[in-house]
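Spelled out, the chains give:
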Amino acid sequence: MSSISFVPDQPAARAHASLKRSLQVMDDAHQCAVLWFGEIMRRRLFRDFRHSSINQYAVRELGFSKSRTDDFVRLARKLDQLPVVREALAAGDLGYTKAREIVGVCL
């Protein structure tokens, strides 16, 4: 995953391509983040950082709001219940947004 920089005053085609690439990088980052979050939650690795819960860890270590924490917890739990979807997400065969839509409908 490469870094994307904003450079103003680009021609339309370049601005469009840069926006599309930025959105792809954002989707890839969400995908990876929710998988790592699920790993930390599932293995209770937050305890290694002296937190008693995933919620406490998310707020204090990641700077998550309560609603963002709830979203990540909910999605990670649903992915645990749908291993085929989780595997497709991890393999890059399914994007974060689509995975989120699928788990929202399935459970």
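Residues numbered from 1 in each chain as written. Predicted model: local features only at pLDDT ≥ 70, side-chain atom pairs only at ≥ 80, totals over all residues. Heavy atoms only, no water.

A. Summary view of the nonpolar core. Counting 22 residues, the largest nonpolar core has Val34, Phe37, Ile54, Leu79 and Val85 as the members making the most contacts within it. Contributions of two or more residues to this core are made by α1 (12-42), α2 (54-62), α3 (66-81), α4 (83-91) and α5 (96-106). Here this core gets five residues from one element, more than from any other, and that element is α3. Apart from residues lying up to four places away in sequence, valine 34 is in contact with Phe72, Leu75, Ala76, Leu79, Leu89 and Tyr96. (Core = buried A, V, L, I, M, F, W, Y, C linked by side-chain atoms within 4.5 Å. Buried < 20%, exposed > 50% of the residue type's maximum accessible area, 1.4 Å probe, protein only. Helix = DSSP H or I, 4+ residues; strand = E, 2+ residues; numbered from the N terminus. Contact = heavy atoms within 4.5 Å.)

B. Molecular detail of the packing of aromatic side chains. Considering all chains together, one arrives at four aromatic pairs under this definition. Taken together, a centroid distance of 6.0 Å and an interplanar angle of 15 degrees make the contact between phenylalanine 37 and phenylalanine 64 stacked. Of the two residues, phenylalanine 37 sits in helix α1 while phenylalanine 64 sits in the loop between α2 and α3, which places them 27 residues apart along the sequence. With respect to class, phenylalanine 37 is no different from phenylalanine 64; both count as buried. Site record: aromatic cluster; members linked through ring pairs are Phe37, Phe64 and Phe72. (Phe/Tyr/Trp six-rings, centres within 6.5 Å; stacked < 30°, edge-to-face > 60°.)

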